[in-house]
Amino acid sequence: MIVETIKQETIYSGQAFNVRRDEIRFPNNQTTHLDIIEHVGAVTIVPIDADGRILFVSQYRHATGNELLELPAGTLDEGESPENCALREIREETGYAAGNLTKLGEFYLAPGYSTEYMFVYLATELNPAPLPADPDEFITLIPMPVEQAYGLALFGGLQDGKSLAALLLAQPIIHHS
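The shown structure was predicted, so the numbers you read here are calculated from the model rather than taken from an experiment.

## Quick look at a nonpolar patch on the surface
Piece 1. On the surface, a nonpolar cluster with roughly 310 Å² of combined accessible area is contributed by M1, V3 and F26.
Piece 2. Within the secondary structure, V3 is located in the segment before β1 (4–13).
Piece 3. Overall, the relative accessible area of 33% leaves V3 in the partly exposed class.

In C-alpha coordinates form, the structure reads like this:
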(Lines give C-alpha, C1' and ligand atoms only; values in the text may rest on other atoms or scores of the structure.)
Protein backbone atom coordinates (compact mmCIF):
# COMPACT_ATOMS: atom_id res chain seq x y z
CA MET A 1 0.00 0.00 0.00
CA ILE A 2 1.33 3.42 -0.92
CA VAL A 3 0.65 6.18 1.61
CA GLU A 4 1.67 9.71 0.67
CA THR A 5 3.13 11.95 3.34
CA ILE A 6 1.82 15.44 2.65
CA LYS A 7 3.37 17.25 5.59
CA GLN A 8 5.48 16.53 8.68
CA GLU A 9 5.87 18.92 11.61
CA THR A 10 7.68 18.45 14.95
CA ILE A 11 5.21 19.63 17.58
CA TYR A 12 7.19 18.67 20.68
CA SER A 13 10.89 18.11 21.33
CA GLY A 14 11.70 16.35 24.58
CA GLN A 15 14.54 14.66 26.41
CA ALA A 16 13.55 11.10 25.52
CA PHE A 17 11.62 11.59 22.30
CA ASN A 18 10.03 14.05 19.89
CA VAL A 19 6.42 14.13 18.72
CA ARG A 20 5.79 14.66 15.04
CA ARG A 21 2.43 15.39 13.42
CA ASP A 22 2.08 13.88 9.96
CA GLU A 23 -0.59 14.61 7.41
CA ILE A 24 -0.96 11.58 5.15
CA ARG A 25 -3.09 10.54 2.17
CA PHE A 26 -4.26 6.95 1.77
CA PRO A 27 -4.71 5.24 -1.63
CA ASN A 28 -8.45 6.03 -1.50
CA ASN A 29 -7.54 9.76 -1.41
CA GLN A 30 -8.66 10.19 2.23
CA THR A 31 -6.31 12.28 4.38
CA THR A 32 -5.70 12.17 8.12
CA HIS A 33 -3.33 13.48 10.77
CA LEU A 34 -1.22 11.12 12.87
CA ASP A 35 0.89 11.98 15.91
CA ILE A 36 4.10 9.95 15.87
CA ILE A 37 6.63 9.55 18.68
CA GLU A 38 10.13 9.74 17.22
CA HIS A 39 12.53 7.63 19.28
CA VAL A 40 16.21 6.78 18.63
CA GLY A 41 15.79 3.12 19.56
CA ALA A 42 16.58 0.94 22.54
CA VAL A 43 17.82 -2.42 23.76
CA THR A 44 16.49 -5.09 26.11
CA ILE A 45 18.86 -7.63 27.63
CA VAL A 46 18.13 -11.15 28.92
CA PRO A 47 21.00 -11.66 31.37
CA ILE A 48 21.69 -15.19 32.63
CA ASP A 49 23.96 -15.47 35.68
CA ALA A 50 26.32 -18.33 36.61
CA ASP A 51 23.51 -20.04 38.54
CA GLY A 52 21.26 -20.02 35.44
CA ARG A 53 18.96 -17.31 36.78
CA ILE A 54 17.56 -14.45 34.73
CA LEU A 55 18.47 -11.05 36.18
CA PHE A 56 15.42 -8.81 36.34
CA VAL A 57 15.20 -5.28 37.67
CA SER A 58 12.37 -3.64 39.54
CA GLN A 59 11.94 0.07 39.00
CA TYR A 60 9.30 2.75 39.37
CA ARG A 61 7.58 3.69 36.10
CA HIS A 62 5.74 6.94 36.56
CA ALA A 63 3.38 6.40 33.60
CA THR A 64 1.99 3.33 35.40
CA GLY A 65 2.22 4.70 38.94
CA ASN A 66 3.89 1.43 39.96
CA GLU A 67 7.15 -0.42 40.20
CA LEU A 68 7.45 -2.90 37.36
CA LEU A 69 9.48 -6.05 37.06
CA GLU A 70 11.46 -5.79 33.82
CA LEU A 71 14.49 -7.06 32.03
CA PRO A 72 17.36 -4.55 31.91
CA ALA A 73 16.90 -2.11 29.05
CA GLY A 74 17.83 1.33 27.87
CA THR A 75 17.86 3.91 25.12
CA LEU A 76 20.65 4.23 22.59
CA ASP A 77 22.88 7.27 22.98
CA GLU A 78 23.45 9.42 19.88
CA GLY A 79 25.57 7.40 17.42
CA GLU A 80 25.80 4.39 19.76
CA SER A 81 25.46 0.88 18.32
CA PRO A 82 22.82 -1.40 19.85
CA GLU A 83 25.56 -3.81 20.97
CA ASN A 84 27.47 -1.10 22.84
CA CYS A 85 24.23 0.15 24.37
CA ALA A 86 23.44 -3.37 25.64
CA LEU A 87 26.95 -3.73 27.10
CA ARG A 88 26.62 -0.36 28.87
CA GLU A 89 23.05 -0.83 30.10
CA ILE A 90 23.63 -4.25 31.65
CA ARG A 91 26.49 -2.78 33.70
CA GLU A 92 24.44 0.26 34.74
CA GLU A 93 21.33 -1.68 35.72
CA THR A 94 22.68 -4.99 37.07
CA GLY A 95 26.30 -4.25 38.01
CA TYR A 96 27.52 -7.06 35.75
CA ALA A 97 29.39 -7.03 32.47
CA ALA A 98 28.56 -9.58 29.79
CA GLY A 99 31.41 -11.78 28.62
CA ASN A 100 29.17 -13.01 25.82
CA LEU A 101 26.41 -11.07 24.06
CA THR A 102 24.16 -12.77 21.50
CA LYS A 103 21.56 -10.93 19.45
CA LEU A 104 18.15 -12.61 19.77
CA GLY A 105 16.02 -10.39 17.56
CA GLU A 106 14.51 -6.97 17.05
CA PHE A 107 11.07 -5.42 16.79
CA TYR A 108 9.05 -2.21 16.84
CA LEU A 109 7.83 -1.52 20.36
CA ALA A 110 4.55 0.25 19.47
CA PRO A 111 4.34 0.73 15.68
CA GLY A 112 0.89 2.32 15.77
CA TYR A 113 2.34 5.56 17.11
CA SER A 114 6.10 5.24 17.65
CA THR A 115 9.29 4.76 15.64
CA GLU A 116 10.99 3.07 18.65
CA TYR A 117 12.89 0.00 17.47
CA MET A 118 14.05 -2.51 20.08
CA PHE A 119 17.10 -4.77 19.83
CA VAL A 120 17.16 -7.82 22.13
CA TYR A 121 20.31 -9.54 23.42
CA LEU A 122 21.11 -12.57 25.54
CA ALA A 123 23.95 -11.80 27.99
CA THR A 124 25.97 -14.61 29.55
CA GLU A 125 29.37 -15.07 31.22
CA LEU A 126 28.53 -12.27 33.65
CA ASN A 127 31.22 -10.70 35.81
CA PRO A 128 30.90 -7.92 38.40
CA ALA A 129 31.68 -4.58 36.69
CA PRO A 130 29.22 -1.92 37.84
CA LEU A 131 28.77 1.44 36.18
CA PRO A 132 27.01 4.34 37.92
CA ALA A 133 23.24 4.17 37.46
CA ASP A 134 21.43 6.98 35.69
CA PRO A 135 20.51 9.68 38.25
CA ASP A 136 16.78 9.19 37.63
CA GLU A 137 16.82 5.41 38.03
CA PHE A 138 16.24 3.62 41.34
CA ILE A 139 16.65 -0.04 40.50
CA THR A 140 16.47 -3.21 42.57
CA LEU A 141 18.16 -6.30 41.08
CA ILE A 142 16.01 -9.45 41.22
CA PRO A 143 17.66 -12.72 40.11
CA MET A 144 14.98 -15.26 39.23
CA PRO A 145 14.99 -18.93 38.25
CA VAL A 146 14.10 -19.42 34.59
CA GLU A 147 10.99 -21.48 35.38
CA GLN A 148 9.65 -18.78 37.71
CA ALA A 149 10.31 -16.06 35.11
CA TYR A 150 8.40 -17.89 32.40
CA GLY A 151 5.61 -18.67 34.87
CA LEU A 152 5.23 -14.96 35.61
CA ALA A 153 5.27 -14.19 31.89
CA LEU A 154 2.61 -16.77 31.07
CA PHE A 155 0.25 -16.04 33.96
CA GLY A 156 0.15 -12.23 34.10
CA GLY A 157 2.83 -11.47 36.67
CA LEU A 158 5.03 -9.67 34.14
CA GLN A 159 3.41 -6.57 32.67
CA ASP A 160 6.26 -5.04 30.66
CA GLY A 161 5.80 -5.66 26.92
CA LYS A 162 9.47 -5.48 25.95
CA SER A 163 10.35 -8.02 28.65
CA LEU A 164 7.60 -10.39 27.48
CA ALA A 165 8.81 -10.13 23.88
CA ALA A 166 12.44 -10.62 24.90
CA LEU A 167 11.57 -13.76 26.88
CA LEU A 168 9.72 -15.11 23.85
CA LEU A 169 12.79 -14.50 21.67
CA ALA A 170 15.05 -16.14 24.28
CA GLN A 171 12.83 -19.19 24.78
CA PRO A 172 14.45 -21.43 22.11
CA ILE A 173 17.86 -20.84 23.72
CA ILE A 174 16.93 -20.88 27.39
CA HIS A 175 15.96 -24.38 28.37
CA HIS A 176 13.22 -24.31 30.97
CA SER A 177 10.74 -26.85 32.17
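The discussion continues.
## Side note on the packing of aromatic side chains
Piece 1. Summed over all chains, the structure comprises three aromatic pairs.
Piece 2. With centroids separated by 6.3 Å and ring planes inclined at 55°, the aromatic side chains of Y12 and F17 adopt a geometry described as tilted.
Piece 3. Each member of the aromatic cluster is reached from another via a ring pair, and the members are Y108, Y117 and F119.

## Focus on the side chain of T124
Piece 1. Note on placement: T124 falls in strand β9 (residues 117–128).
Piece 2. Residues within four places of T124 in sequence aside, it is in contact with I48, A98, G99 and N100.

## A short note on the sheet that holds strand β7 (residues 73–75)
Backbone hydrogen bonds are what pair the strands of a sheet, in a parallel or an antiparallel way.
Piece 1. A sheet is described by the order of its strands in space; here four strands give the open sequence β7-β4-β9-β8, paired in mixed fashion. Two strands lie at the open edges of the sheet, namely β7 and β8 (96–108), each paired on one side alone. If you compare each strand with its neighbour and ignore which way they point, the axes differ by 25° on average.
Piece 2. Note: β8 against β9, eleven bridges, orientation antiparallel. In the sheet register, F107 faces β9, and the bridge partner there is M118.
Piece 3. Across the sheet, helix α1 (residues 82–94) is in contact with β4 (42–47), β7, β8 and β9; its angle to β8 comes to roughly 120°.
Piece 4. Packing of helix α3 (residues 161–170) onto the sheet brings it into contact with β4, β7, β8 and β9, and relative to β8 it is tilted by some 100°.

## Structural notes on the pattern of salt bridges
Piece 1. Summed over the entire model, instances satisfying the criterion amount to 14 salt bridges.
Piece 2. Between D77 and R88 there is a salt bridge, with its nearest N and O atoms 3.6 Å apart. One end of the pair, D77, is in the loop between β7 and α1; the other, R88, is in helix α1, with eleven residues separating them in the sequence.
Piece 3. Classification of R88 as buried rests on a relative accessible area of 16%.
Piece 4. Taken together, the salt bridges that share partners define one network made up of D77, E80, R88, E89 and E92.

## Digging into the environment of M118
Piece 1. With respect to the helices and strands, the residue M118 is situated in strand β9.
Piece 2. The spatial distance from the C-alpha of M118 to the C-alpha of A98 is 19 Å, given a sequence separation of 20 residues.

## Comments concerning the sheet that holds strand β10 (residues 139–145)
Piece 1. Taken in spatial order, the three strands make up an open sheet running β6-β5-β10, and their pairing is antiparallel. Here the strands that pair on one side only, and so sit at the sheet edges, are β6 (66–70) and β10. For this sheet, the mean angle separating the axes of adjacent strands, direction not counted, is 25°.
Piece 2. Examined bridge by bridge, strand β5 (residues 53–61) and β10 share seven bridges and lie antiparallel to one another. Paired with F56 across the strands is I142, a residue of β10.

## Remarks on the pairing of strand β2 (residues 18–25)
Piece 1. Summarising the sheet, β1 and β2 pair through eight bridges and their orientation is antiparallel. Bridge pairing in β2 places S13 opposite N18.
Piece 2. Hairpin connection of β1 to β2: four residues between the antiparallel strands.
Piece 3. When β2 meets strand β3 (residues 31–38), the two strands line up antiparallel, connected through eight bridges. Directly across from V19, in β3, lies its bridge partner I37.
Piece 4. Taking the residues that link successive antiparallel strands as the turn, the β2-β3 hairpin has five residues, and the phi of N29 there is positive, at about 80°.

Rules used in this analysis
Note on numbering: residues in each chain are counted from 1, in written sequence order. For a predicted model such as this one, the threshold for reporting local features is a pLDDT of at least 70, and the threshold for listing and counting side-chain atom pairs is 80 or more; totals across whole chains, interfaces and linings nevertheless cover every residue. Side-chain calculation: all heavy atoms of the structure are included, whereas hydrogens and water are not. Think of a patch as exposed residues, more than 30% relative accessible area, with no salt bridge, where like charges cluster within 9 Å and nonpolar side chains (Val, Leu, Ile, Met, Phe, Trp, Tyr) cluster within 5 Å. Computed with a 1.4 Å probe, the accessible areas rest on the Shrake-Rupley method; for each residue, only the protein chains presented here act as cover. Each salt bridge in this description consists of a side-chain nitrogen of Lys or Arg and a carboxyl oxygen of Asp or Glu lying within 4 Å of one another. Put simply, DSSP marks the helices as runs of H or I at least four residues long and the strands as runs of E at least two long, and each gets a number from the N terminus on. Summary of the burial criterion: residues with accessible area below 20% of their type's maximum are buried, those above 50% are exposed, and those between are partly exposed, where the area comes from a 1.4 Å probe applied to protein chains only. Aromatic contacts are taken between Phe, Tyr and Trp rings whose centres are within 6.5 Å, Trp giving its six-membered ring; a plane angle under 30 degrees counts as stacked, one over 60 as edge-to-face, and the others as tilted. When checking whether two residues touch, look at their non-hydrogen atoms; a contact exists if any pair is within 4.5 Å. Strand pairing is assigned whenever DSSP detects at least two bridges linking the two strands. Axis definition: a line fitted to C-alpha atoms, limited for helices to the stretch in contact. Angles are taken between N-to-C directions and run from 0 to 180 degrees.

Fair warning: the whole summary comes from geometry, so function is off the table for now.
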